[in-house]
Amino acid sequence: MASQTRPTDWLLLGATLLVAATLMLTQNQPLVRSLRAQALGWTAQVESTFAWMGRYLRVLERNDELRRENIQLSSQVARTRDVRQRNDELRRLLGLTDTTDARLRPARIVTKDIFQKDNFLILDVGTADSVAEGMPVVHERGIVGTVVLTNEHYARVMPFLNTDFRVPGTVLPLRAEGIVRWDGERLDRLQLDHVVETEPVEAGQRVVTSGHSNVFPPGRRIGTIDSVAAPAGRSELDIFLRPAVPLYEISHAVVIVREPAPAQQALEEPPSR
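Computed from a prediction, not measured in an experiment: that's the story for all the values here.

Caption draft 1: Just the sheet that holds strand E10 (residues 221-229), in detail. The strand order around the closed barrel built from six strands is E6-E7-E8-E11-E10-E9, with neighbouring strands paired in antiparallel fashion. The mean inter-strand angle of the sheet, taken between neighbouring strand axes irrespective of direction, is 40 degrees. Bridge analysis of strand E6 (residues 167-172) against strand E7 (residues 176-181) gives five bridges, and the strand direction is antiparallel. Bridge assignment links valine 171 to a residue of E7, and that residue is alanine 176.

Right, dumping it as structure tokens:
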């Protein structure tokens, strides 16, 4: 009996709900209006939440796009700045070729290792460009180093930031002479040895190559005196220089294509036994 009346109950329930919904939608009574307003408020709140989430996701996406554009622009600015610096450097090196009668071979520094005691540079010129061992390498600001090894297209350079490098130097305007070397410590400091304490050496004076070697011609800048001290019990001054050429900044250099005179070289070589 219960199974026979169950469909009828469902039909009555459905009819009741349909009538109730019809009354709520068609009647304009205060209660119905209140229910409609509440339903509308809930719906608006839900829609507002989803709309805010959509705006938030769009803002995140736009931020990612702006971040990528900012990275690209920063990279372009860095490349432009680097190209401008290299162009300025090359322009100054071209000016250097106009101030000397020596044959000059401009070169690009393809490898730079200046973070240890045995530092070195590799230039993209070699024997095919008339570059040979023992030739000086300079920059428009001053000396760079000496060619120590070559092949057909490349040259290895011992820079002044190498504990084996030595060059005779002269303090201007005193003409006091000594030997410039690197002690292997700071990249921004060289040492000038064998200057007697009676010389009135002061900070700010320039030190240039003296020409008393078969490598560098005279007058090339080595650095500027940074500090001078007279240790007790010694006859020589402790003199430190700031190098004229910041090796960590330059990307090009010039090889002076010159060889020592055979007669001079023969006299400088030790006699054979």
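After that view of the structure, there is still more to cover.
Caption draft 2: Region of interest: unusual backbone geometry. A cis amide bond links leucine 172 with the next residue in sequence, proline 173, at an omega value of 5 degrees. Structurally, proline 173 is set in the loop between E6 and E7. In this structure, arginine 175 is a non-glycine residue whose phi angle is positive, near 70 degrees. Structurally, arginine 175 can be placed in the loop between E6 and E7.

Caption draft 3: Inspection of the pattern of salt bridges at higher detail. Across all of its chains, the model carries ten salt bridges by this definition. A salt bridge links aspartate 124 to arginine 108, with the nearest nitrogen and oxygen atoms 3.9 Å apart. Linking aspartate 124 in the loop between strand E2 (120-123) and strand E3 (136-139) with arginine 108 in strand E1 (residues 103-113), this pair joins segments that are 16 residues apart in sequence. With a relative accessible area of 39%, arginine 108 lands in the partly exposed category. For aspartate 183, the salt bridge goes to arginine 189, with nearest N and O atoms at 3.4 Å. What makes aspartate 183 partly exposed here is its relative accessible area of 24%. Salt bridges linked by common partners bring Glu140, Arg141 and Glu249 together as one network.

Caption draft 4: Structural context of the packing of aromatic side chains. Inspection of the entire model under this criterion finds one aromatic pair. The interplanar angle of 75 degrees and the centroid separation of 6.3 Å between the aromatic rings of phenylalanine 165 and phenylalanine 216 together place this pair among those described as edge-to-face. Linking phenylalanine 165 in the loop between strand E5 (155-159) and E6 with phenylalanine 216 in the loop between strand E9 (206-209) and E10, this pair joins segments that are 51 residues apart in sequence. The ring of phenylalanine 120 carries arginine 156 above its face, with NZ or CZ at 3.9 Å from the centroid. Lying across the ring of phenylalanine 240, arginine 189 places its NZ or CZ 4.2 Å from the centre.

Caption draft 5: Structural context of the sheet that holds E3. The six strands lie next to each other as E1-E2-E5-E4-E3-E12, forming a closed barrel whose pairing is antiparallel. Across the sheet, the mean angle separating the axes of adjacent strands is 45 degrees when strand polarity is ignored.

Quick notes on the rules
- Residues numbered from 1 in each chain as written.
- Predicted model: local features only at pLDDT ≥ 70, side-chain atom pairs only at ≥ 80, totals over all residues.
- Heavy atoms only, no water.
- Pairing = 2+ DSSP bridges.
- Helix = DSSP H or I, 4+ residues; strand = E, 2+ residues; numbered from the N terminus.
- Axes fitted to C-alpha atoms, helices over the stretch in contact; angles between N-to-C directions.
- Salt bridge = Lys/Arg side-chain N within 4 Å of Asp/Glu carboxyl O.
- Buried < 20%, exposed > 50% of the residue type's maximum accessible area, 1.4 Å probe, protein only.
- Phe/Tyr/Trp six-rings, centres within 6.5 Å; stacked < 30°, edge-to-face > 60°.
- Lys NZ or Arg CZ within 6 Å of the ring centre and 35° of its normal.

Purely geometric stuff here, so don't read any function into it on its own.
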